[in-house]
Amino acid sequence: FLQVLNEKKLQEVDSLWKEFETPEKANKIVKLKHFEKFQDTTEALAASTALVEGKLSKNLKKILKKIVAKDAHEQLAVADAKLGGVIKEKLNLSCIHSPMVTELMRGIRSQIEGLITGLPSREMAAMCLGLAHSLSRYKLKFSPDKVDTMIIQAISLLDDLDKELNNYIMRCREWYGWHFPELGKIITDNLTYCKCVRKVGDRSNFASSDVSDILPEEIEEDVKAAAEISMGTEVSEEDINNIIHLCDQVIEISEYRTQLYDYLKNRMMAIAPNLTVMVGELVGARLIAHAGSLLNLAKHPASTVQLLGAEKALFRALKTKRDTPKFGLIYHASLVGQSNTKNKGKISRMLAAKTALTIRYDALGENTSAEMGAENRLKVETRLRLLEERGIRRISGTGKALAKADKYQNKSEVKVFDPSGDSTLPVVSKKRKIQEVDEQDTEVAVKAKKFKAEMK
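Residues numbered from 1 in each chain as written. Predicted model: local features only at pLDDT ≥ 70, side-chain atom pairs only at ≥ 80, totals over all residues. Heavy atoms only, no water.

The name an unreviewed UniProt entry assigns to the protein is Nucleolar protein 58, from the organism Agelaius phoeniceus. Per UniProt, the protein carries the Subcellular location (unreviewed entry) text "Nucleus, Nucleolus". (UniProt positions renumbered as here; feature names shortened; annotations may be inferred.)

Right, here's the structure in full:
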């Protein structure tokens, strides 16, 4: 606690910093009245966090009762208006907070070593650094369950595993296909194919092997029948052993991928439950990985969230003055996939807006429930249903109301084919009037006379 000696100089707020240029000048403005040390960093952290949250700690309350109660008529300058309100309410002490107090606190901090004697500057710096680190950890509320780095690594590894699995399976099918090509057409599932090859090995063993635990009965019969008349080449035992070893690798990687997916799902529900409910764990994890962290993703507006992953297409469209893309990574969300081609743009825009809200709620909120995500997903699903049903709305004086449509009634009509449409020649009636025939004969005679006169 410091006592102000010259209150007149505090009135000049703009030039108050000049009074704290040196320790000597500072000692003329304020003097140390009471100083009490903290026992350890934990106690200092507790007091600091209480001050940050605008609360009155037990130690501060005791000191205020002892020291300030003697000078109850004096005003207490506080840097935080919220803390001043708490002190006034609980201890009935007059507190002041103004720009003048802010400047005064800044000046005291700059000359704290000269105002408090008996503390070496090196020890003071070390204590300040330790307390700053502890306070930063408290503010971040560091928790192993809230580390989004694990999500970024997990989704990257999952994508790498998918690529490697595809390469391994393609190589396995092609390699064993030289020996038993018909098996690849009968068994379409990759993991089942590898399990079957690993268990049986050479195609000649299919007739005596029991693969009912891997294949259904109908497919098993087809495989055994195909093995007897297969057109594949004969291979050595060493080749079969290498193929079986490759199948072992595929099965192990597939099992690890399943385990990794479960881990990613649990981690996403712990860190971003609302985002997971909105777009799913895979799309949510890819959005976080693309942005770098959940906090960075929370800083993006909804329009950016909608186009994350389609940056190249966006800038190419802007450069060539074409239509910009409507979706990026969010295209793989189930809600966008459910909608038809016409409505994908509208749904992706609405989904991106709701997703941006859920991301900020997950990143900056303290509640870990997924209720908000479920509510927003329901709104998007309702909107999708309206678009799919093509609900026609009209604006009326009382607001939006559904337009009335006449009830459809099926009218059965038997239509007969009109052959007149087949001919392109003008239709002339067979019976012509005598008068029309006479007129045409007269016209022909006149034209013949004119022609003869011209020839002469």
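There is more to say after this.
Draft legend 1. Looking closely at the packing of helix H8 (residues 149–177) against helix H14 (residues 281–291). One can describe the packing of H8 onto H14 by two numbers: an axis separation of 9 Å at closest approach and a directional angle of 115°. Between H8 and H14, the angle falls in the class roughly perpendicular. In this structure, H8 meets H14 at a crossing whose hand is left-handed. Counted together, Ile151, Ile152, Ile155, Leu158 and Asp159 of H8 and Leu282, Ala285, Arg286, Ile288 and Ala289 of H14 form the full contact between these two elements. Partitioning the contact of H8 with H14 into residue classes produces 8 nonpolar, no polar and 2 charged. (Axes fitted to C-alpha atoms, helices over the stretch in contact; angles between N-to-C directions. Helix = DSSP H or I, 4+ residues; strand = E, 2+ residues; numbered from the N terminus. Parallel < 35°, antiparallel > 145°, perpendicular 65-115°, else oblique. Left-handed = near helix turned anticlockwise from the far one by under 90°. Contact = heavy atoms within 4.5 Å. Nonpolar A, V, L, I, M, F, W, Y, C, P; charged D, E, K, R; others polar.)

Draft legend 2. Region of interest: the packing of aromatic side chains. Following the criterion strictly, the structure yields 3 aromatic pairs and no others. With centroids separated by 6.5 Å and ring planes inclined at 85°, the aromatic side chains of Tyr176 and Tyr193 adopt a geometry described as edge-to-face. Placement of Tyr176 in helix H8 and of Tyr193 in helix H10 (residues 190–200) is noted, with a sequence separation of 17 residues between them. Per residue, the accessibility class of Tyr176 equals that of Tyr193, and both read buried. An angle of 70° between the planes, with centres 5.4 Å apart, marks the rings of Phe180 and Phe206 as edge-to-face. Taken together, the residues Phe180 in the loop between H8 and helix H9 (182–186) and Phe206 in the loop between H10 and helix H11 (217–228) connect sequence positions 26 residues apart. Arg173 extends its terminal NZ or CZ atom over the ring of Tyr193, reaching a point 4.4 Å from the ring centre. (Phe/Tyr/Trp six-rings, centres within 6.5 Å; stacked < 30°, edge-to-face > 60°. Buried < 20%, exposed > 50% of the residue type's maximum accessible area, 1.4 Å probe, protein only. Lys NZ or Arg CZ within 6 Å of the ring centre and 35° of its normal.)

Draft legend 3. Expanded view of the nonpolar core. Grouped together as the largest cluster of nonpolar side chains are 62 residues, with contacts concentrated most on Tyr176, Leu183, Phe206 and Leu351. Examining the composition of this core, we find that 12 residues originate from one element, helix H12 (residues 237–271), more than from any other. Per-domain counts for this core show at least three residues from each of domain 2 (146–261) and domain 3 (272–388). Leave out the neighbours within four places in its chain, and Phe206 touches Tyr176, Phe180, Leu183, Cys196, Val200, Val223, Lys224 and Ala227. (Core = buried A, V, L, I, M, F, W, Y, C linked by side-chain atoms within 4.5 Å. Domains from an automatic or database assignment.)

Draft legend 4. Molecular detail of helix H3 (residues 58–66). Here H3 has its buried residues at Leu60, Ile63 and Leu64. An end-on view of H3 places all buried positions within 100° of arc, on one side of the element. In H3, the exposed positions angled more than 90 degrees off the buried face are occupied by Lys58, Lys62, Lys65 and Lys66. For H3, the elements touching its buried residues are helix H2 (41–52), strand E3 (76–77) and helix H4 (81–91). (Arc of directions from axis to C-beta.)

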